Amino acid sequence: MSRFFINCDQASILSTREQYGDLNPKEAFRHQLHRGHCIGCRSFHKNNQRFQRKLKSLKWVALTIAQKQSIKKCLVEAMTK
Amino acid sequence: MRKEIEKQLPEVKLIPEKWVDRYGDYLFNFTISRVNDPIMAQDLVSETFLAGLKSAHRFKGNSTERTWLISILKRKIIDYYRKINSNKGKAEVRMSYLTNSDQEGDWMEEKAADLRNPNVEDMIEQKELSDVLEECIACLPERYATIFVQKTIDNLETETICKEHNITASNLWVIIHRARVQLMECLNNKWHKNS
């Protein structure tokens, strides 16, 4: 039975991993089963999903590899001076 | 007493070789949300690292490397706005506007945001939210913040992050989970209560 049932600590980690698409089918099933009977984890999961949607809605930008290399080059030049 | 406490604190060492990989994207995001120009943002980030290198001997280790770099960057951004708001800067902006555009019209009117436009409202909200989130990320322990940013914003593979920080995958998920819980609480306090 313990193969199926997980505690709340484990469930909350699974909830976070789910936001990154990191769960395998067994873990997803265990998580769903736990949420089925635990109101706290169900609520946490909802908040977690809402938070993830917020994060996704933000436009994150990143330096391109070329930009990073250009900055690194400047830094290395300055360090060798 | 103070000296004794300082002795007990772990010494924070600067590692300039890793600055670009560790903080490049974070500083770039921070800058671009304030200057709205990717080329200028890249220049400011680069200048920040160079200024950090120059004043490395003044770093006392009282704050983290990232907090220290952010404080330098903030000063760079203020300098940038001072420059463009000087009379000479305004003239340069106006000149470039006139030479780049065939249209004639009131410059201020065209540059000012139309607040009735829903997209503008969304943009303002997004900007405010990302500012609050940046503040919240800055409040996280450095290790949590770095790992959270690498996984969530930079979309790095779990394995890559684990190798860099020498941790197991389960450690990584615990760190990300704790970071997210703290960020959610912080957002609740700073964002939802204000809106």
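Residues numbered from 1 in each chain as written. Chains lettered and ligands numbered in written order. Predicted model: local features only at pLDDT ≥ 70, side-chain atom pairs only at ≥ 80, totals over all residues. Heavy atoms only, no water.

Colleague: Teacher, can you tell me more about the nonpolar core here?
Modeller: Ranked by internal contacts, the top residues of the largest apolar core, which has 56 residues, are W19(B), L27(B), F49(B), I137(B), F148(B) and L172(B). Ranked by residue count, the leading element in this core is helix α10 (residues 169–192) of chain B, at 10 residues. Excluding its chain neighbours within four sequence positions, the residues that come into contact with L172(B) are I147(B), T158(B), I161(B), C162(B) and I167(B). Ranked by size, the runner-up nonpolar core spans 6 residues in total, among them I6(A), L14(A), C38(A) and C41(A). (Core = buried A, V, L, I, M, F, W, Y, C linked by side-chain atoms within 4.5 Å. Buried < 20%, exposed > 50% of the residue type's maximum accessible area, 1.4 Å probe, protein only. Helix = DSSP H or I, 4+ residues; strand = E, 2+ residues; numbered from the N terminus. Contact = heavy atoms within 4.5 Å.)

Colleague: Teacher, can you tell me more about the packing of aromatic side chains here?
Modeller: Each aromatic ring pair is characterised by the separation of its centres together with the angle its planes make. Residue and element names in this part refer to chain B. Under the counting rule described, the total for this entry stands at 5 aromatic pairs over all chains. Above the plane of the ring of F30 lies R34, whose end atom (NZ or CZ) is 3.7 Å from the centre. The ring of Y26 is capped by R66, whose NZ or CZ atom sits 5.4 Å from the centre of that ring. (Phe/Tyr/Trp six-rings, centres within 6.5 Å; stacked < 30°, edge-to-face > 60°. Lys NZ or Arg CZ within 6 Å of the ring centre and 35° of its normal.)

Colleague: When you look at the interface of chain A and chain B in this model, what are you seeing that I'm missing?
Modeller: Bring the parts together and some accessible area is lost; that lost area is often taken as the interface size. Listed by partner, the interface residues are 30 residues for chain A and 35 residues for chain B. A per-residue breakdown of the area chain A buries against chain B is headed by Y20(A), F51(A) and W60(A), which together make up 22% of the total. At the surface where chain A touches chain B, the tally comes to 2 salt bridges. Among the ionic pairs, K68(A) bridges to D25(B), the shortest N-O distance being 3.2 Å. Where chain A touches chain B, the interface holds 11 residue pairs in polar contact (both at pLDDT 80 or more). (Buried area = accessible area lost by both parts, 1.4 Å probe. Salt bridge = Lys/Arg side-chain N within 4 Å of Asp/Glu carboxyl O. Polar contact = N/O pair within 3.5 Å; in protein donor to acceptor, adjacent residues only side chain to side chain.)

Colleague: What am I meant to see in unusual backbone geometry here?
Modeller: Phi is positive for N166(B), which is not a glycine, with a value near 55°. Along the polypeptide, N166(B) turns up in the loop between α9 (158–165) and α10.

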